[in-house]
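Close look at the chain arrangement
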Amino acid sequence: MVTVMLRELGAIENRVYRAYWNDGLLDVFAAIGVLLIGIAWTLDFVVGGAITPALLLPLWGPFRQRFIEPRLGMVEFSEKRERTNRSRLLLVILLGIGAFALAVSLHALRDRLALDPDVALIAGLPALLLAIPAAITAMLVSTGRFLVYAALLVVAGGIGAMSGWEPGPILVSAAVPILLIAGAVLVRFIRNNPVANEDLE
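Every value quoted in this text rests on a predicted model; they were computed, and no experiment measured them.

1. Quick notes on the overall build of the protein
- If you tally the helices and strands in the protein, you get nine helices and zero strands.
- In the protein, the succession of helices and strands from N to C terminus is α-α-α-α-α-α-α-α-α.
- Residues counted as buried form 37% of the 201 residues belonging to the protein.
- For the protein, contacts bridging at least 24 residues in sequence account for 75% of all contacts bridging at least 6.

Written out as structure tokens, the structure reads:
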């Protein structure tokens, strides 16, 4: 009996966990991150792109408290789930930073090499590498939208590199549709889940 109840509670927590990420706020933060990295790279301020995740991360909690929790309520997961969440978040951040660092290194190396067509394709590598944490995020938070974002990064990286674009514009071109999708998801959530006080008014 106890085992069945625990199993049912676990299933409920899994459903709540999947719903927890469906408000679109994570999507918007991811899109803004890609956009800022692209802008920083375009302005030849690569360090700015590298510190973007560190700048956005502290804003997550306050934004969620301001825009999501008044509509969805505060969710407290089990300690095991919280530890798993922290580990997964750290994994995605480290993968993103590692991918970005590798892309910067290879792009700098490209500038020292003859610009034959194969080497020129390195310009698309930052977008291709950022698609990896996006795909992993899709699995970690159980939402297929991040697979779409990963696909957009891959397409932008491939087409942009073959067109002779630099990494910055490639990332910006990927970030714009991601931001549009993310914004639509967040707006729909806010519209469908008004704050209780707004209902009374």
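Continuing now.
2. Thoughts on unusual backbone geometry
- Even without a glycine there, the phi angle at Asp 44 is positive, about 60°.
- Summarising the element assignment, Asp 44 is placed in the loop between helix H2 (25–42) and helix H3 (46–72).

3. As for a nonpolar patch on the surface
- Judged by side-chain polarity, Ile 32, Leu 36, Ile 39, Leu 43, Phe 45, Val 47, Ile 51 and Leu 55 come together as a nonpolar surface patch covering roughly 730 Å² of accessible area.
- For the nonpolar patch, the secondary structure elements donating two or more residues are H2 and H3.
- Turning to its location among the elements, Phe 45 is positioned in the loop between H2 and H3.
- What makes Phe 45 partly exposed here is its relative accessible area of 48%.

4. Digging into the packing of aromatic side chains
- With the rule as written, the count across this model stands at four aromatic pairs.
- Ring geometry for Phe 29 versus Phe 63: centroids 5.7 Å apart, planes at 80°, classification edge-to-face. Linking Phe 29 in helix H2 with Phe 63 in helix H3, this pair joins segments that are 34 residues apart in sequence.
- Here Phe 29 falls in the buried class, since its relative accessible area comes to 12%.
- For Phe 63, a relative accessible area of 36% puts it in the partly exposed group.
- An angle of 35° between the planes, with centres 5.8 Å apart, marks the rings of Phe 63 and Phe 67 as tilted. Taken together, the residues Phe 63 and Phe 67, both in helix H3 and four residues apart, mark about one turn of the helix.
- The ring of Phe 67 is capped by Arg 66, whose NZ or CZ atom sits 5.1 Å from the centre of that ring.

Conventions we followed
- Residues numbered from 1 in each chain as written.
- Predicted model: local features only at pLDDT ≥ 70, side-chain atom pairs only at ≥ 80, totals over all residues.
- Heavy atoms only, no water.
- Helix = DSSP H or I, 4+ residues; strand = E, 2+ residues; numbered from the N terminus.
- Buried < 20%, exposed > 50% of the residue type's maximum accessible area, 1.4 Å probe, protein only.
- Contact = heavy atoms within 4.5 Å.
- Patch = residues over 30% accessible without salt bridge, like charges linked within 9 Å, V, L, I, M, F, W, Y side chains within 5 Å.
- Areas by Shrake-Rupley, 256 points an atom, 1.4 Å probe, with all protein chains shown as cover.
- Salt bridge = Lys/Arg side-chain N within 4 Å of Asp/Glu carboxyl O.
- Phe/Tyr/Trp six-rings, centres within 6.5 Å; stacked < 30°, edge-to-face > 60°.
- Lys NZ or Arg CZ within 6 Å of the ring centre and 35° of its normal.

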